[in-house]
Amino acid sequence: MAMRMTGPSAIMSRVIEETLSPKKEEEGAIGYIRPSSLAKGCVLYVAMELLKVPKEEIDNRVKRILEAGTSSHFRIPKYFSKITVAKEMPFLDEEYRIRGQCDALIYIPPDLDVEHSGFYVVEIKTTSSSEFERIKEAGQPKEEHITQCLIYIWGLTRYYKSIPIRGGIIYYENRDTLDYHLFNVTYDENLLLPLLNEIKAMLPGLIIEGKLPEAHLPLDHWAHEYCPYLSVCDYGQEAMKLKKEKKSEIPDRVLAEIIGMRIVKKQRAKEEKVKKKTPRTLEELSEEFNWE
Ligand code: SF4
């Protein structure tokens, strides 16, 4: 007679069978919110994604950049594997319908540093040279990356209940030079609450009637322009119209001065690069030689 599995083995076996069984899509069921989508801060975007509204196709060059970013998530964690507890650590929150996985959870042992010993969520981001320098100069991560890191800390803490996560670390890598810079993220649930409350308020209408929310990014936010829902979003269209009108309000003389200043700045930057003795990045070379 086959021996029955009990306790944790039985639970694990159930998970294995569920994973391998064909998934039955419930009719009208909506998916789960991804932390990276939520971190953009637009509830309307999140709602459209849950309803699986088709997005504008992204071009192949951008796809390659995204894939390069994804593959670096396999390489980078090796550099701090000594203090890694888990890679791609998942969480699920049914109440807010959020599902995600953080890149890594690390543990700084007291042997390394008593004051900062504890668990930290690590979020990995790869950027272009110019973006990398901008972030370093600003002395802080991009706002949406901080929000994403906070969502992981919030989600993992709620899901696992017994892991006392102290904060987060955002790991930026310059994808041209492979230089890196790390930022600490202090956990503050209050920073997330307004966004989480908007999600909670939006879910019943969306699930029951497929109703899209009113909440969206402010019209003067830069992100509408790059949103894959721009062509089907009235607010996004309005934001673009306002941006155009604002631009055309600038007198020709001022516009000419701005363009002139930009040309001089670009020329100076080029001259500086030529003078540089250090090896140049691929991006700098392509700019200098006008490679396509
Ligand atoms: S276009 Fe703007 S308002 Fe519309 S979904 Fe995208 S980010 Fe939100």
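Rules behind the numbers
Residues numbered from 1 in each chain as written. Predicted model: local features only at pLDDT ≥ 70, side-chain atom pairs only at ≥ 80, totals over all residues. Heavy atoms only, no water. Near = heavy atom within 4 Å. Nonpolar A, V, L, I, M, F, W, Y, C, P; charged D, E, K, R; others polar. Helix = DSSP H or I, 4+ residues; strand = E, 2+ residues; numbered from the N terminus. Salt bridge = Lys/Arg side-chain N within 4 Å of Asp/Glu carboxyl O. Buried < 20%, exposed > 50% of the residue type's maximum accessible area, 1.4 Å probe, protein only. Axes fitted to C-alpha atoms, helices over the stretch in contact; angles between N-to-C directions. Parallel < 35°, antiparallel > 145°, perpendicular 65-115°, else oblique. Left-handed = near helix turned anticlockwise from the far one by under 90°. Contact = heavy atoms within 4.5 Å. Expected span 1.5 Å × (residues − 1). Bend = angle between axes of the 7 residues up to and from the residue. Polar contact = N/O pair within 3.5 Å; in protein donor to acceptor, adjacent residues only side chain to side chain.

Side note on the site of the ligand
Phase 1 of the analysis: Taken together, C42, Y45, M48, H216, L217, H224, C227, C233 and G236 form the complete shell of residues around the ligand.
Phase 2 of the analysis: Taken together, the residues of the shell around the ligand break down into 6 nonpolar, 3 polar and no charged.

A few points about unusual backbone geometry
Phase 1 of the analysis: Of note, the phi angle at K52 is positive, near 60°, even though the residue is not glycine.
Phase 2 of the analysis: Along the polypeptide, K52 turns up in the loop between α3 (43–50) and α4 (60–75).
Phase 3 of the analysis: Even without being a glycine, K161 presents a positive backbone phi close to 60°.
Phase 4 of the analysis: If you trace the backbone, K161 turns up in the loop between α6 (143–160) and β4 (165–174).

Here we look at the pattern of salt bridges
Phase 1 of the analysis: As enumerated under the stated definition, the model contains 12 salt bridges in all.
Phase 2 of the analysis: Residues R75 and E173 are paired through a salt bridge, measuring 2.7 Å at the closest nitrogen-oxygen approach. With a gap of 98 residues between them, R75 in helix α4 and E173 in strand β4 connect regions that are remote in the sequence.
Phase 3 of the analysis: The class for R75 is partly exposed, based on a relative accessible area of 25%.
Phase 4 of the analysis: For R158, the salt bridge is made with E95, and the minimal N-O distance between the two is 3.0 Å. Placement of the pair is R158 in helix α6 and E95 in the loop between β1 (84–93) and β2 (98–108), with a sequence separation of 63 residues.
Phase 5 of the analysis: On the basis of relative accessible area, E95 is assigned to the partly exposed category, the value being 42%.
Phase 6 of the analysis: Among the charged side chains, a salt-bridge network with shared partners connects D93, E95, R158 and K200.

Structural notes on the packing of α3 against helix α7 (residues 189–209)
Phase 1 of the analysis: In contact at an axis separation of 10 Å, α3 and α7 are set at 40° when each is read in the N-to-C sense. As summarised for this structure, α3 and α7 are arranged oblique, according to the angle between their axes. Relative to α7, the crossing made by α3 is right-handed. Residues V43, V46, A47 and L50 of α3 touch α7, and the partners they reach there are L195, E198, I199, M202, L203 and L206.

Observations concerning α7
Phase 1 of the analysis: Between its terminal C-alpha atoms α7 stretches 30 Å, which fits the 30 Å expected from 21 residues at 1.5 Å a residue.
Phase 2 of the analysis: Approximately 30° is the largest bend angle found in α7, and it occurs at M202, with the proline P204 only one to four residues beyond.
Phase 3 of the analysis: Residues of α7 that are buried: L192, L195, L196, I199, M202, L203, G205 and L206.
Phase 4 of the analysis: As for α7, its buried residues are in contact with α2 (35–38), α3, β2 and α6.
Phase 5 of the analysis: Where α7 begins, the capping side chain belongs to D188, and its oxygen is found 3.0 Å from the backbone nitrogen of N190.

By themselves, these observations are geometric and do not establish any function.
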